[in-house]
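# Understanding the architecture of this molecule
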Amino acid sequence: MKKILLLSLLIISSFAYNITVSILPQKYIVDFISANKANVNVMVPIGSNPAIYSPTPRQLFDLKKSIVYFKIGVPFEKAWLQKFTDINSNIKIVDFGKYIQKDANPHIWLDPIFLISEAKVVYETLSQIDPNNKKIYLNNYKKFIKLAQNKNKQIKQLLKNLKNRKFIIFHPNLYYFAKRYNLTEIALEKNGKEPSIKYLIKIIQVAKQNNIKVVFTSPEFSKKSAEFLAQKIGAKVESFDALQYNIFDNLIKVSKILNDYN
């Protein structure tokens, strides 16, 4: 009888549940808070464009097992969230950014302070669906806050002496990062499209006037206009993948690049 009871307790304590998220950085936060108790499915794989992605039949099948979907505001969600609830009527849609005051730009995972609010959403949601492990989730949430605060300090230190606080990027995925650290992001993309010749000429003038030395590209977008611009202004092209798993490492990386080219 004691063995059966012990086995039952072990099964309960190792209870795993399925959660689906839109992008890989969200998985990082859910993994951190859940201590890997959750099986996390990611809709948009690395290298794919969250604006136009269409889930595979396998992903839609796996969605039936999920009890929560964490949305974050990337464009493909507008076309698919209703379909997700049609496929799984029991799934709970939770807004990753519900505690964040944001505008139309969806890249809220690229700001260390915003990440604290996003982790709070995960902590609260996991505590509701798995109250037996609420203490674990709370403890991990507190650890996440400390980590985010430390990374914020590290980034501030890397960027505090920048003389030139402007940079060019193809897709405006560092919008909130730039606002947080008093930087100016100049995006090449115009309404999701390649820049016109007229706009490129304008950016070339701005870049030369401000002595901008780095142009960021993203794996899911064409490098053509960024490389052309960099050649014209004598700048280097650096890749920044906003969809990397470890968000903090990614933000430290881009901070170091900005520091190196200043």
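Residues numbered from 1 in each chain as written. Predicted model: local features only at pLDDT ≥ 70, side-chain atom pairs only at ≥ 80, totals over all residues. Heavy atoms only, no water.

### So, the overall build of the protein chain
If you tally the helices and strands in the protein chain, you get 10 helices and 8 strands. Considering only C-alpha atoms, the protein chain reaches an extent of 80 × 40 × 30 Å along its principal axes. In the protein chain, which comprises 262 residues, the share counted as buried stands at 50%. Put simply, the protein chain shows about 13,600 Å² of open surface, and 53% of that area lies on carbon and sulfur atoms. Where the 40 positive side-chain charges of the protein chain centre and where its 19 negative ones centre are 5 Å apart. (Helix = DSSP H or I, 4+ residues; strand = E, 2+ residues; numbered from the N terminus. Buried < 20%, exposed > 50% of the residue type's maximum accessible area, 1.4 Å probe, protein only. Areas by Shrake-Rupley, 256 points an atom, 1.4 Å probe, with all protein chains shown as cover. Lys, Arg positive; Asp, Glu negative; His and termini not counted. Charge placed at Lys NZ, Arg CZ, Asp CG, Glu CD.)

### With respect to the packing of aromatic side chains
Within the structure shown, the criterion is met by 15 aromatic pairs. Ring geometry for Tyr69 and Phe84: centres 5.1 Å apart, planes at 35 degrees, overall tilted. One end of the pair, Tyr69, is in strand S3 (residues 68-71); the other, Phe84, is in helix H4 (residues 76-87), with 15 residues separating them in the sequence. An identical accessibility class is assigned to Tyr69 and Phe84; each is buried. An aromatic cluster of three or more residues is present, and its members are Tyr28, Phe32, Phe144, Tyr245 and Phe248. Over the aromatic face of Trp80 sits the side chain of Lys83, whose NZ or CZ is 4.4 Å from the ring centroid. Over the ring of Tyr99 we find Lys120; its NZ or CZ atom is 4.6 Å from the centre of that ring. (Phe/Tyr/Trp six-rings, centres within 6.5 Å; stacked < 30°, edge-to-face > 60°. Lys NZ or Arg CZ within 6 Å of the ring centre and 35° of its normal.)

### A word on the sheet that holds strand S6 (residues 184-187)
The strand order S6-S5-S7-S8 describes an open sheet built from 4 strands, whose pairing is parallel. The sheet terminates laterally at S6 and strand S8 (236-239), the two strands that pair on one side only. Taking each pair of neighbouring strands and ignoring which way they run, the sheet shows an average axis angle of 35 degrees. Seen against the sheet, helix H9 (residues 224-233) touches strand S5 (166-169), strand S7 (214-217) and S8 and runs at an angle of roughly 175 degrees to S7. (Pairing = 2+ DSSP bridges. Axes fitted to C-alpha atoms, helices over the stretch in contact; angles between N-to-C directions. Contact = heavy atoms within 4.5 Å.)

### Quick word on the pairing of S7
Side-chain alternation along S7 places Val214 and Phe216 on one buried face and Val215 and Thr217 on a second face that is also buried. The pairing of S5 with S7 spans 2 bridges and is classified as parallel. Across the sheet, Ile169 pairs through a bridge with Phe216, a residue of S7. As defined by bridge partners, S7 adjoins S8 across 4 bridges and the pair is classed as parallel. Bridging from a neighbouring strand, Val215 pairs with Val237 of S8. Running through H9, the crossover from S7 to the neighbouring parallel element S8 is right-handed. (Right-handed = clockwise from strand over helix to strand, strands pointing away.)

### Some points on the side chain of Gln26
Within the secondary structure, Gln26 sits in helix H2 (residues 24-34). Judged by relative accessible area, which is 0%, Gln26 ranks as buried. Of note is the side chain of Gln26, whose polar atom sits 3.0 Å from the backbone nitrogen of Ile23. (Polar contact = N/O pair within 3.5 Å; in protein donor to acceptor, adjacent residues only side chain to side chain.)

### Things to note about helix H8 (residues 197-209)
The end-to-end C-alpha separation of H8 is 18 Å, in line with the 18 Å expected for 13 residues at 1.5 Å each. Within the sequence span of H8, burial applies to Tyr199, Leu200, Ile203, Ile204 and Ala207. Projected down its long axis, H8 shows its buried positions confined to an angular sector of 145 degrees, all on one face. Exposed and facing more than 90 degrees away from the buried side of H8 are Lys198, Lys202, Lys208 and Gln209. For H8, the secondary structure elements touched by its buried residues are S5, S6 and H9. Of the residues trailing H8, Asn211 is marked for its positive phi of about 55 degrees. (Expected span 1.5 Å × (residues − 1). Arc of directions from axis to C-beta.)

### So, the packing of helix H6 (residues 134-159) against helix H10 (residues 247-260)
Helix-helix packing: each pair is described by the crossing angle between the helix axes and the interaxial distance. Packing of H6 against H10 brings their axes to within 9 Å, and their N-to-C directions diverge by 10 degrees. Taken together, the axis directions place H6 and H10 in an arrangement best described as roughly parallel. Facing Phe144, Leu147, Ala148, Lys151, Gln154, Ile155, Leu158 and Leu159 of H6, the residues of H10 in contact are Phe248, Leu251, Ile252, Ser255, Lys256, Leu258 and Asn259. (Parallel < 35°, antiparallel > 145°, perpendicular 65-115°, else oblique.)

### Observations concerning H2
Most of H2 is tucked away, with 9 of its 11 residues classed as buried. When H2 is considered as a whole, its buried residues turn out to be Leu24, Pro25, Gln26, Tyr28, Ile29, Val30, Asp31, Ile33 and Ser34. The elements touched by buried residues of H2 are strand S1 (17-21), strand S2 (38-42), S3, helix H5 (112-129), H6 and H10. Immediately beyond the C-terminal end of H2, within one or two residues, lies Ala35, with a positive phi of roughly 55 degrees.

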